[in-house]
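Coordinate analysis (summary)
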Amino acid sequence: MESIGSPLMWSLFSAFVLVALFVDFFAMRKQGAHRVSTKEAAIWSLVWVGVSFVFMGWMWWYLGGTGTDESARAVANDKSLEFLTGYLIEKALAVDNIFVFLMLFTYFAVPAEFQKRVLMIGILGALVLRAVMILVGAWLIAQFHWILYVFGAFLLFTGIKMWWAAGQEPDLDNNPALKWIRGRFKISPTYDGEKMFTMVDGVKMATPLLVVILLIGIVDIVFAVDSIPAIFAITTDPFIVLTSNVFAILGLRAMYFLLANMHERFHLLSYGLAIVLVFIGAKMLLIDVYKIPVAVSLGFTALTLAVTMILSLKIPPKGAQQGGAYPFGSKKKTDEHR
């Protein structure tokens, strides 16, 4: 499969990700367990978005965007547009992911000062998982072109399912993943700091924090299966697919704390995401009939998300809590601590 990723580009990108994770871990360790303020989350969100655009600008320059070679400039412009479109789609899908994290934290009453650590572990898992899935997906597409039709049909199905599930609250009581975890671990009734295991009356038990981390790992898998085919509809270049995914994920923790208290205000966003997924699925199914330009995909995605966010602010939600298309079903309200 053709890719713009030279050994130098892969090396610099990998080095940047490692440095970014080290800085994030160092900052988290230095700060210790604490509640992340909206101001702190907003600053870090802007930093990660800014870094993503700096990377896109560097890539555009490196590919010859400022040179005199017209073919090189065309490649630089196309790849930069593909990166931006993929980044926007992954960032938008990450918002729905955030609402699921919020539901889990609320259900398990995770103290605000512990949420940062859980999200960091979840992000690490998501980075590894998506890297593997993207490389496997790229290999499958290179070997079997028809797999694009499978991805397209899956995105259509996912978009329709997301539309019908929008606004429903997940039922964690009957969630198979949670039942499986409870069947294999003795779970303590209380937290023990940021520990995964604790001793209760001489018996080693998993803390609720471990349960939340395991469930977030499962959520990462579910959303990766949705989002990775979506980016392959924009480009099949593994370098663009992976970098746009990684940069969208790196800012996920900060974006969570920024949007955690605003989820009800964007209660219609899941409908917009559903429309985007259906559009991308159709784009993939029509790839051998008519190739929809990347600029059209970017414009459609941005317009759809903007409209649904504006409508969310103007139209009040019907229920007390609106989330997204959660992969767990419908939730019964409960005040019981788990």
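Residues numbered from 1 in each chain as written. Predicted model: local features only at pLDDT ≥ 70, side-chain atom pairs only at ≥ 80, totals over all residues. Heavy atoms only, no water.

Of all hydrophobic cores here, the largest spans 96 residues; its most connected members are Met-59, Phe-105, Phe-108 and Phe-232. Among the elements that take part in this core, helix α3 (residues 70-107) stands out by supplying 17 residues, more than any other. (Core = buried A, V, L, I, M, F, W, Y, C linked by side-chain atoms within 4.5 Å. Buried < 20%, exposed > 50% of the residue type's maximum accessible area, 1.4 Å probe, protein only. Helix = DSSP H or I, 4+ residues; strand = E, 2+ residues; numbered from the N terminus.)

A separate point is the environment of Val-128. Structurally, the position occupied by Val-128 is in helix α4 (residues 112-143). On the basis of relative accessibility, which here comes to 56%, the residue Val-128 falls in the exposed class. Sequence-wise, Val-128 and Val-246 are 118 residues apart; in three dimensions their C-alpha atoms are separated by 9.7 Å.

For the rest of this paragraph, the subject is the pattern of salt bridges. Opposite charge on two side chains permits pairing when their charged atoms draw close. This model, assessed by the stated rule, comprises four salt bridges. Of the charged contacts, one joins Lys-79 and Glu-82 as a salt bridge, the two residues approaching to 3.5 Å between their closest N and O atoms. You can see Lys-79 and its partner Glu-82 sitting in helix α3, three residues apart, about one turn around the helix. For Lys-79, a relative accessible area of 15% gives the class buried. Classification of Glu-82 as buried rests on a relative accessible area of 11%. (Salt bridge = Lys/Arg side-chain N within 4 Å of Asp/Glu carboxyl O.)

With 25 residues, helix α7 (residues 208-232) extends 36 Å between its outermost C-alpha atoms, agreeing within 8% with the 36 Å of an ideal straight helix rising 1.5 Å per residue. In the structure, α7 departs most strongly from a straight axis at Ala-224, where the bend amounts to approximately 30°. Counting buried positions along α7 gives 19 out of 25 residues, so the element sits mostly inside the fold. (Expected span 1.5 Å × (residues − 1). Bend = angle between axes of the 7 residues up to and from the residue.)

Further remarks concern the packing of α3 against helix α10 (residues 269-285). Two elements in contact, α3 and α10, have axes whose closest approach is 10 Å; the angle formed by their N-to-C orientations is 140°. Relative to α10, α3 is oriented oblique. Between α3 and α10 the crossing geometry is left-handed. Seen from α3, the contacting residues are Ile-89, Ala-92, Leu-93, Val-95 and Asp-96; seen from α10, they are Leu-269, Ser-270, Leu-273, Leu-277 and Ile-280. (Axes fitted to C-alpha atoms, helices over the stretch in contact; angles between N-to-C directions. Parallel < 35°, antiparallel > 145°, perpendicular 65-115°, else oblique. Left-handed = near helix turned anticlockwise from the far one by under 90°. Contact = heavy atoms within 4.5 Å.)

To continue, consider empty space enclosed by the protein. Under the defined criterion, the tally for this structure stands at three cavities of 30 Å³ or more. Here the largest cavity is characterised by a volume of approximately 110 Å³. Together, 13 residues line the largest cavity, and Glu-90, Ala-94, Asn-97, Arg-130 and Ile-249 are the ones closest to its centre. Counting only elements with at least two residues in the lining of the largest cavity, the list comes to α3, α4, α7 and α8 (238-250). By residue class, the composition of the lining of the largest cavity is seven nonpolar, three polar and three charged. (1 Å grid on protein atoms, 1.4 Å probe; cavity = no way out; pocket = protein on both sides within 12 Å on 5 of 7 lines; lining within 4 Å. Points joined across faces, edges and corners; volume = space filled by probe spheres on them. Nonpolar A, V, L, I, M, F, W, Y, C, P; charged D, E, K, R; others polar.)

Once that is clear, we can look at the pairing of strand β2 (residues 203-206). Of the strand pairs in this sheet, strand β1 (residues 197-200) and β2 are connected by four bridges, and their pairing is antiparallel. Each bridged residue has a counterpart across the sheet, and for Val-200 the counterpart in β2 is Val-203. (Pairing = 2+ DSSP bridges.)

What follows is about the environment of Met-162. Along the chain, Met-162 turns up in helix α5 (residues 147-165). The exposure class assigned to Met-162 is buried, which follows from its relative accessible area of 5%.

This paragraph deals with unusual backbone geometry. The phi dihedral of Ala-109 is positive, around 50°, even though this residue is not glycine. Inspection of the secondary structure puts Ala-109 in the loop between α3 and α4. Despite not being glycine, Asp-201 shows a phi value in the positive range, around 55°. Within the secondary structure, Asp-201 sits in the loop between β1 and β2. The exposed category is assigned to Asp-201, whose relative accessible area is 80%.

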